[in-house]
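In case you want the letters, here they are:
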Amino acid sequence: MALWKYAALLVASCLLLLARPTLAQAPTADPSAARELDCAALDCASVLPGAARFERVEGSGGAAPFRVGYDAQGDIVGWVALSTDVVDIKAYSGKPLVTLVGLTPDGVIAGARVVHHSEPILLVGIPERALTEFVDSYRGRSASEKVVVGHSTDPDAVTVDVISGATVTALAQNRTVLETARALGVAVGVIEAAASVPGHFVQRDDVWTWQQLVAERALGHLKVSQADMGSQGDEPFIELYFAIADAPHVGKALLGEEQYAWQMQRLEAGQHLLVVLGRGTSSFKGSGFVRGGIFDRVRVEQGLRSILFRDTDYENLARTPAEGAPEFAEGALFVTPKGQLDPGRTFDLVFLGSRYNKKGGFSRDFNAFRGSLRVPKSVYVLDGPDPEQAIWRQAWVNNRVKVVGLGAYLLVIAGLFVGRRWLTGTMRRLQRLHTLALVTSFAFLGLYLHAQPSVTQLLTLVGSIIDEMRWGLFLSEPLLFVSWIFIAAVTLIWGRGVFCGWVCPYGAMSELLFRVGRLLKLPELELPEWLHLRARYVRYGVLALLVGTFLYSSELGERLAEIEPFKSTFFVAPWTRELLFFGWWLALAAASLVTFRPFCRYLCPLGAALALPSSLRLSGPHRRNFCSSCTICTRGCEPKAIRSDGTIDRRECLSCMECEANYRDHEVCPPLVGIDRLLQKQRRHGTLNEERLRKLEVDAQKVPHRWVD
Ligand code: SF4
Ligand code: SF4
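Keep in mind that what you see is a predicted model, and the values were worked out from it rather than measured.

Among the 7 residues that make up strand β10 (residues 238-244), 7 are buried, leaving the element largely enclosed by the rest of the structure. Side-chain alternation along β10 places I238, L240, F242 and I244 on one buried face and E239, Y241 and A243 on a second face that is also buried. Pairing analysis gives 5 bridges linking strand β9 (residues 220-224) to β10, with the strands arranged antiparallel. Counterpart to L222 in the pairing with β10 is L240. Sheet topology note: the β10/strand β11 (residues 273-279) ladder contains 6 bridges and is antiparallel. Residue pairing for β11: F242 is matched across the bridge by V276.

Moving on: the pattern of salt bridges. Across all of its chains, the model carries 25 salt bridges by this definition. A salt bridge links R345 to D342; the shortest N-O distance between them is 3.9 Å. Where salt bridges share partners, they join R536, R539, R643, D649, R651 and E652 into one cluster.

On to helix α24 (residues 579-594), then. Helix length check: α24 (16 residues) gives 23 Å between terminal C-alpha atoms against 22 Å at 1.5 Å per residue, within 8%. Within the sequence span of α24, burial applies to F581, W585, L588, A589, S592 and V594. Close packing links the buried residues of α24 with α19 (505-519), α23 (566-570) and α25 (598-602).

What follows deals with the nonpolar core. Formed by 58 residues in total, the largest nonpolar core has its most connected members in I413, F486, F499, W502, V503, Y506 and L606. Looking at which domains feed residues into this core, each of domain 3 (399-615) and domain 4 (622-709) gives three or more. Excluding residues within four positions of it along the chain, I413 makes contact with A437, F486, V498, W502 and V503. With 53 residues, the next largest nonpolar core counts F201, A243, L255 and L333 among its residues.

Turning our eyes to something else, we now look at the sheet that holds strand β14 (residues 314-316). Read across the open sheet, the 5 strands follow the order β9-β10-β11-β15-β14; overall the sheet is antiparallel. One side of each edge strand has no neighbouring strand; the edge strands of this open sheet are β9 and β14. The mean inter-strand angle of the sheet, taken between neighbouring strand axes irrespective of direction, is 20°. The sheet contacts of helix α8 (residues 248-255) involve β10, β11 and β15 (330-335), and relative to β11 the element is tilted by about 40°.

Let us now look at the site of ligand 1. Neighbouring ligand 1 are 13 residues; C500, C504, R597, C600 and C604 lie closest to it. Using a 2 Å cut-off from the grid points, one finds that ligand 1 occupies the second largest cavity. Looking at the shell around ligand 1 residue by residue, the class counts come to 9 nonpolar, 2 polar and 2 charged.

Attention now moves to the site of ligand 2. Contacts to ligand 2 come from P621, C637, P639, I642, I648, C653, L654, S655, C656, M657 and C659. Residues of the shell around ligand 2, tallied by class, amount to 10 nonpolar, 1 polar and no charged.

Okay, the side chain of R67 next. Among the structural elements, R67 can be located in strand β2 (residues 62-70). A relative accessible area of 6% means that R67 is categorised as buried. Side-chain polar atoms of R67 contact the backbone oxygen of L37, separated by 3.3 Å.

The interhelical angle for the contact between α19 and α24, taken along N-to-C directions, is 50°, at an axis separation of 6 Å. Here α19 lies oblique to α24, going by the angle between them. In terms of crossing hand, the pair formed by α19 and α24 is right-handed. On α24, the residues that touch Y506, S510, L513, F514, V516 and G517 of α19 are L588, A589, S592, L593 and V594. Of the residues that constitute the contact of α19 with α24, the class distribution is 8 nonpolar, 3 polar and no charged.

Attention now moves to the packing of aromatic side chains. Inspection of every chain in the model, using the stated rule, returns 22 aromatic pairs. On the basis of an interplanar angle of 80° and a centroid distance of 5.7 Å, the ring pair of Y506 and F599 is categorised as edge-to-face. Pair noted here: Y506 is in helix α19 and F599 is in helix α25, with a separation of 93 residues, a long-range link. Each of the two residues, Y506 as well as F599, counts as buried. These aromatic residues form a ring-pair network of at least three members: F295, F309, Y314 and F334. Over the ring of Y448 we find K402; its NZ or CZ atom is 5.5 Å from the centre of that ring.

Reading the values: rules and limits
- Residues numbered from 1 in each chain as written.
- Chains lettered and ligands numbered in written order.
- Predicted model: local features only at pLDDT ≥ 70, side-chain atom pairs only at ≥ 80, totals over all residues.
- Heavy atoms only, no water.
- Buried < 20%, exposed > 50% of the residue type's maximum accessible area, 1.4 Å probe, protein only.
- Helix = DSSP H or I, 4+ residues; strand = E, 2+ residues; numbered from the N terminus.
- Pairing = 2+ DSSP bridges.
- Salt bridge = Lys/Arg side-chain N within 4 Å of Asp/Glu carboxyl O.
- Expected span 1.5 Å × (residues − 1).
- Contact = heavy atoms within 4.5 Å.
- Core = buried A, V, L, I, M, F, W, Y, C linked by side-chain atoms within 4.5 Å.
- Domains from an automatic or database assignment.
- Axes fitted to C-alpha atoms, helices over the stretch in contact; angles between N-to-C directions.
- Near = heavy atom within 4 Å.
- 1 Å grid on protein atoms, 1.4 Å probe; cavity = no way out; pocket = protein on both sides within 12 Å on 5 of 7 lines; lining within 4 Å.
- Sits in = over half its atoms within 2 Å of the grid points.
- Nonpolar A, V, L, I, M, F, W, Y, C, P; charged D, E, K, R; others polar.
- Polar contact = N/O pair within 3.5 Å; in protein donor to acceptor, adjacent residues only side chain to side chain.
- Parallel < 35°, antiparallel > 145°, perpendicular 65-115°, else oblique.
- Left-handed = near helix turned anticlockwise from the far one by under 90°.
- Phe/Tyr/Trp six-rings, centres within 6.5 Å; stacked < 30°, edge-to-face > 60°.
- Lys NZ or Arg CZ within 6 Å of the ring centre and 35° of its normal.

Structural data, given as structure tokens:
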């Protein structure tokens, strides 16, 4: 296949990813944002044993999203909350682990249960029971306890075991259960409110323009269309921008210098300035403001806390003086109650709107829409570690020894290629080191570290770059993060062969099985040349199919990615899996005994993805003019990467470097053998012609220009 066809495939894949409907939609509003915990549907009693009935809890902000449970005698047994009403903690899939948590009046976790998750490794790899058992281990723990997943040197901390192969999921689940239980405990008064993570507003002399406020993400945004409210029209039903205006460069921009100075002078410790600007056919101030002095259309929610505003917290903001700001129909400046809003954590502005009825008026059918804001570091700086970004840090601490071990091994492999003149100095040295690398990659990287990269990570990475780069997601798997940095670097320099031929744990296993088959004198099977030449393109089809599937459903894509037998090899014992997965793993392993790397050469989508940039590799095995007429290396090249004209197919080459060892071998490579013979003959006859010898040596090194990597 010509290079342009590969490029076209890659470009088409990227365009499809760009066109992915789920990525193109800006998540400005969530119509399901009215938080109601349906205890009958979710079986709240499963996490609060002894509770016979559940009731709403009324608070100053309306009904709270959690429920109180009573026993048959009418005594309080505890409370139940759904994690997604409290925290926004994304796990490996980028989606939350929706968990129901029960808490007793003593502040003890009565139970926890995962209601829904999208974790790929659990969908197709690690059994569900591993997560269930992990979550169960929180039963009976105090919600105030410091629970650390894996290892901790903190004497105050208790540790729980990680879910092997799903570290990020375990870290996210730990935070989900604990933070939900703590927020619930604080909300019902059985746990003391932990002080917010200390922080301070940035003090700058300049005043930001509207464009800077938007670019720095200092403004939250919430847009509700007419269609969202059951009507038609282009003008939004309501569009709100909101910000915490305590920092001078934000406050002066939105309020003007004088107003900002006046407000800051009145502001008491623990209070904050919240600016809300609105436009559209509706109003965020609402009718309730006139009736009872309460703003009934907007509120702030942070965790389980709901903040309603009264007229005493409010000042009208006729217009914002921010340079470049669009026109707004209305504006408000709210002062948040003392200690209620933590500017260091994400909070939501919730708009409650009534839908149009069929007669064109407003119905009593209210919908809640929410927009989130995490105040950026350029406005508010935490004085300690960010609790909302701590998962990946913890993952690195937990895995630091493994990361060092993996990094050192990968550096050694890269070092061998940097010094490949030495590596290929003798065939014996090369083959011994290659075998040692294959065994180490299979046993250390694969079986021990579970550091097997997969095409699904590549697709998630590309999707994430297009959607919104979430470095936390990739940093949270330190071993894979290091592996991918290595893959990117070596593939661009030497092609995919360094990873596929030396480091990939499954590739290593497949090649070792082939060698075992040879030792056992099993027959060696090879596809006929015509079929092999066509079959090697199948893997590009597999890659395209996976990309296409991922576009519409990452979960379905994950299931199809089971064509990679990696999970059955390194994460779950294959014989414990469904018959289909076990059979597929067994068939590939059996085929590897009699065929050189059958999965790598014909099916692997990751190999296909890495083969594309390998066409641009900077350096490959050395060749010389004479290679076009000699077939010594061609016959010895197991992946059949050397064409009949002596050139190397860079996408097929697995960088075993045996052809380069031949190239340097004065007993194997015909031009070198010829030169040596001539040298000996001329020495014998005393007719040594240095100039002619040098010319021969230079000729022997010559490579046609089109062969040069
Ligand atoms: S082709 Fe796939 S399985 Fe084979 S070595 Fe490369 S990445 Fe690993
Ligand atoms: S023998 Fe084949 S696979 Fe090995 S380095 Fe040479 S071309 Fe690549």
